[in-house]
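# Structural description and commentary
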Amino acid sequence: MLFEFSDEHGELRRTVRDFFEKESDENRVRELMSSEQGFDPTCWGRMAEELGIVGLIVSEEHGGAGLGMVELAIVAEEMGRVLLCAPYLSSAVLATSVLEFAADEAAQKEILPKLASGEAIATLAFSEAANPWDFSAIAMTAEPKGDAFQLSGEKTYVLDGQIANEIIVVARVDGSLALFRVADDASGLSREALPPFDPTRRIAALRFKNTPASRISSGDLCCQLECALDRAIIALAAEQLGGAQRVLETTIDFAKTRFQFGRPIGSFQVIKHGCADMLVEVEFARSAVYNAAFSGDEDPQSVAVAAQMAKSYCSDAYLDIANRSIQIHGGMGFTWEHSAHLYYKRAKASEILFGTASYHRERMAALLGFGAR
Amino acid sequence: MNESELRERTRALLKEVNPDAKGDQRIPFRGAQFDRGLAWVSFPEGLGGLGLAPKLQTVVQDELHKGAKTYYEDMLVNPIGIGMGAAVVLAYGREEGKRELLRRMFTGEEIWCQLFSEPSAGSDLAGLATRAVRDGDDWVLNGQKTWTTLAHISKWGLLVARTNPDLPKHDGLSYFMLDMQAPGVEVRPLYQITGEAEFNEVFLNDVRIPQKHMLGEEGQGWKVAIATLMNERVALGGGASKKGGGPIAVLLELFENVEAKRSPAEEALLRDRIAKLYIEAELLRLTGIRAKAARDSNVVGPEGSVGKVAQAEIGKAIWECCADVLGPDALVYEHGYELRQGSTSSPNSRLHAKYTLLRSRAYSIEGGTSEIMRNILGERVLGLPGEPRVDKDVPWKEIRRS
Ligand SMILES: Cc1cc2nc3c(=O)[nH]c(=O)nc-3n(C[C@H](O)[C@H](O)[C@H](O)COP(=O)(O)OP(=O)(O)OC[C@H]3O[C@@H](n4cnc5c(N)ncnc54)[C@H](O)[C@@H]3O)c2cc1C
């Protein structure tokens, strides 16, 4: 049933929140965001072993927990809340979903258990600079070479592309989209970490020059890829919700305790109403995310629309809330030492990632046939 | 002196002291400009001016623009000194030493900063807590200032402190100029959203300020502070100087040159948004011209606040739009976030836009927040009643603070 969370869901949320409150507090986030790797492998290992959330949506036959979108949304929301620095969206959500939906069984058997156990980290290299979020715009074409293939060209904005050791590339064969596996030490592969606007999430450009690659899918994958990306979009929207909720809480605490003119600034109507608007946005975002997650598990027909709705609403809401938070904190909100800017940068980058709010509104309008005669 | 004589005088300056000569001519050139009364023509003779109407300053600026390749922007040479300090020093400073003070301010030999805000007093400036206690011919100061832009390179600070905590908050303040090299002044960088430190925290431990460095009388600090802020808000609310110039020019340039694949719907939306911003930027500029004309025939009044709030909000919206024109490229931040002092500038408009998106988050905070500006517009310009005040007629020391 829509929005009906079970006791297990509550338990999952509490466990994950307790864990991240300790393992990903603000100091830790600041350390990791300026570190070379950008994440903590030990913490990742514990997320896999102790919490079992790295393989959350990996099917049981491939060594995962085989859970669904509702659980994923819960976990992602908690991650967004603390700005977790980890390759979760890239490896545990996007690459995992693509492999589950579209890869050959042999490849699934080989790669998915390693992802679930935290032994390997995967990324999906699909975006090309001109039109990065639309699979139909992918131009890279694989050249047959003996039994295998060769890739040439560039993929960019590849999530955690610098640290991933399972690189899955989307390229064309005879015009159809296919998946390729590239070894992390393959010849002709170079990876450049891009300096991120949001230092809590890493991106890279991957360049291929006659790089050997093995094909791990059959048939044209457009639909499977879309479905996998919708999952990642819902997870990202859940992260946005978690971040927005946290920013709202921090801001309200501040508005209650910061005194100017002999009274708490939250007693000024402009601040109070601003906070009230933020609350409306957070609650709408929550409805959008939970709706998408529950449809993901119970009503696959409506997932695509729900995903676009969630991503577009949550992008706008999170960015607006992060902006308002800086403003309400005054000079403090503009400083490096306060966390407001970390959330602002995450909100801005998340808005762009996988397509902006208006990009998704446009897609939703098309899916629903608005104005079609 | 009439307009054409002033024009002649400026040309003569340019002829006799060449700002384009090899080496750094800033100090000699601006020193000569000051000595000839061309720094601030409305100031008295001998203090950088000629006692003329303020609006005639544009004649000087116009000639300098036309006649020299090197043009020293006042707001780059000494933004706080020239933007806010000069008028205050002129009106409230001691006669003795005033000329040298203004001259070194104008040449940029001595940079000024503004020590108003404190950790517990930003919008509520009059609530500030830094204490100044009289001791013979000196005042002894203790307290902390914050958000002090340029403090790390300043010679002088404009400072407001509490000289009487038993009076209601506005009445117990006095205004000083602080020698930033005085013993007991400690400046620590304060890093911002970009990783840079443009501003600082300034700690004051038993700092001695001679009585002669008080600007205005004891207890008049609020009046002098308000005069300073009016100047600041005018300086911050000017808008672009030429049509289509400033931030909107960067937006248009990016829209024209950045290659991005957008759907027709996205393209149309963006175009409409840019057109709307263009109109607003142009109206901001025109309103600035009107405000200036009013100022030239009058005194600085609350109309400066219209420009400040509009400039802040339109500026933020333009830089947000620039980032959106960049599209996914805005995921990449080439400048990086290493902690460092100073501020970034980049001739590349793509990089400049990414940086300024972050920097512009402060437009609606620095120099008075947009909320405070709107209160001023509502109460002082529109005459709406003020909110009930809990902190007005009670001794400062009894007001609640965070
Ligand atoms: C980049 C930058 C440079 C600066 N440079 C200087 C400098 O050189 N010298 C200097 O002295 N200061 C400087 N400042 C400080 C600046 O003037 C203050 O930050 C500003 O006045 C706000 O004060 P605050 O930060 O304490 O915020 P607060 O006053 O605590 O405000 C917090 C929030 O409450 C709101 N609020 C407060 N009072 C009211 C009210 N009555 N009604 C409605 N809303 C209200 C504010 O609008 C804000 O949103 C600088 C600030 C920045 C960001």
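Structural data are supplied above this passage.
Residues numbered from 1 in each chain as written. Chains lettered and ligands numbered in written order. Predicted model: local features only at pLDDT ≥ 70, side-chain atom pairs only at ≥ 80, totals over all residues. Heavy atoms only, no water.

## Focus on the environment of A:R363
Residue and element names in this part refer to chain A. Within the secondary structure, R363 sits in helix α11 (residues 357–367). For R363, a relative accessible area of 24% gives the class partly exposed. In this structure, the C-alpha to C-alpha distance between R363 and S339, residues 24 residues apart in sequence, is 33 Å. Within polar-contact distance, the side chain of R363 engages the side chain of E226 at 3.1 Å. (Helix = DSSP H or I, 4+ residues; strand = E, 2+ residues; numbered from the N terminus. Buried < 20%, exposed > 50% of the residue type's maximum accessible area, 1.4 Å probe, protein only. Polar contact = N/O pair within 3.5 Å; in protein donor to acceptor, adjacent residues only side chain to side chain.)

## Section: the interface of chain A and chain B
In this assembly, 42 residues from chain A lie in contact with 54 residues from chain B. Interface area for chain A against chain B, summed over the two sides, is near 4000 Å², with a carbon-plus-sulfur share of 64%. One can count two salt bridges joining chain A with chain B. For the salt bridge of A:R263 with B:E387, the shortest nitrogen-to-oxygen distance reads 3.1 Å. There are 20 residue pairs in polar contact (both at pLDDT 80 or more) connecting chain A and chain B. For the side of chain A that touches chain B, the secondary-structure elements that each account for two or more residues are β8 (259–260), α9 (303–329), α10 (340–352) and α11 of chain A. When residues of the side of chain A that touches chain B are assigned to their parent elements, the largest contribution, seven residues, is made by α10(A). In terms of residue class, the side of chain A that touches chain B is made up of 23 nonpolar, twelve polar and seven charged. (Contact = heavy atoms within 4.5 Å. Buried area = accessible area lost by both parts, 1.4 Å probe. Salt bridge = Lys/Arg side-chain N within 4 Å of Asp/Glu carboxyl O. Nonpolar A, V, L, I, M, F, W, Y, C, P; charged D, E, K, R; others polar.)

## Points about a nonpolar patch on the surface
On the surface, B:I279, B:L283, B:L286 and B:I289 cluster together into a nonpolar patch covering about 360 Å² of accessible area. Along the chain, B:L286 turns up in helix α9 (residues 264–297). (Patch = residues over 30% accessible without salt bridge, like charges linked within 9 Å, V, L, I, M, F, W, Y side chains within 5 Å. Areas by Shrake-Rupley, 256 points an atom, 1.4 Å probe, with all protein chains shown as cover.)

## Comments concerning the pairing of strand β5 (residues 176–183) of chain A
Residues and elements named next belong to chain A. For β5, the buried fraction is high: six of the eight residues fall into the buried class. Sheet analysis places strand β4 (residues 166–173) next to β5, joined by eight bridges and oriented antiparallel. When the sheet's bridge partners are listed, I168 is paired in β5 with R181. From the end of β4 to the start of β5, which pair antiparallel, there are two residues, and D174 there has a positive phi angle of about 50°. When β5 meets strand β7 (residues 203–215), the two strands line up antiparallel, connected through two bridges. Within β7, the position partnered with F180 by the bridge is R215. (Pairing = 2+ DSSP bridges.)

## Concerning the nonpolar core
Residue and element names in this part refer to chain A. In terms of nonpolar packing, the biggest core is built from 158 residues, with M47, I53, Y88, F126, L179 and F354 touching the most fellow members. Here this core takes 16 residues from helix α7 (residues 222–257), the largest share from any one element. With residues near it in sequence (within four places) discarded, M47 still touches F19, F20, G52, I53, V54, M79, L84 and Y88. (Core = buried A, V, L, I, M, F, W, Y, C linked by side-chain atoms within 4.5 Å.)

## Thoughts on the packing of helix α1 (residues 3–16) of chain B against helix α3 (residues 57–67) of chain B
When two helices pack together, you describe them by how their axes are tilted relative to each other and by the distance separating the axes. Residue and element names in this part refer to chain B. The contact between α1 and α3 brings their axes to 9 Å, and the two run at 40°. Compared by their axis directions, α1 and α3 come out oblique. Like other packed secondary-structure pairs, α1 and α3 cross with a definite hand, here right-handed. Contacts between α1 and α3 involve E3, L6, R7, T10, R11 and L14 from the former and V59, V60, D62, E63, L64, K66 and G67 from the latter. Looking at side-chain class alone, the contact of α1 with α3 contains five nonpolar, two polar and six charged residues. (Axes fitted to C-alpha atoms, helices over the stretch in contact; angles between N-to-C directions. Parallel < 35°, antiparallel > 145°, perpendicular 65-115°, else oblique. Left-handed = near helix turned anticlockwise from the far one by under 90°.)

## Points about the site of the ligand
Taken together, the neighbourhood of the ligand is formed by 30 residues, with A:R258, B:S123, B:W147, B:T149 and B:T369 sitting nearest. Residue neighbours of the ligand fall on chains A and B, so the site bridges chains. Within the backbone of A:Q327, a nitrogen or oxygen atom sits 2.8 Å from an oxygen atom of the ligand. B:S123 is positioned with one of its side-chain polar atoms (N or O) 2.6 Å from an oxygen atom of the ligand. Protein chains bury 95% of the 960 Å² of accessible surface belonging to the ligand in isolation. At the level of elements, α8 (269–298) and α9 of chain A together with α12 (370–381) of chain B are the ones that each hand at least two residues to the shell around the ligand. A per-element tally of the shell around the ligand places α12(B) first, with three residues. By residue class, the composition of the shell around the ligand is 13 nonpolar, 13 polar and four charged. (Near = heavy atom within 4 Å.)

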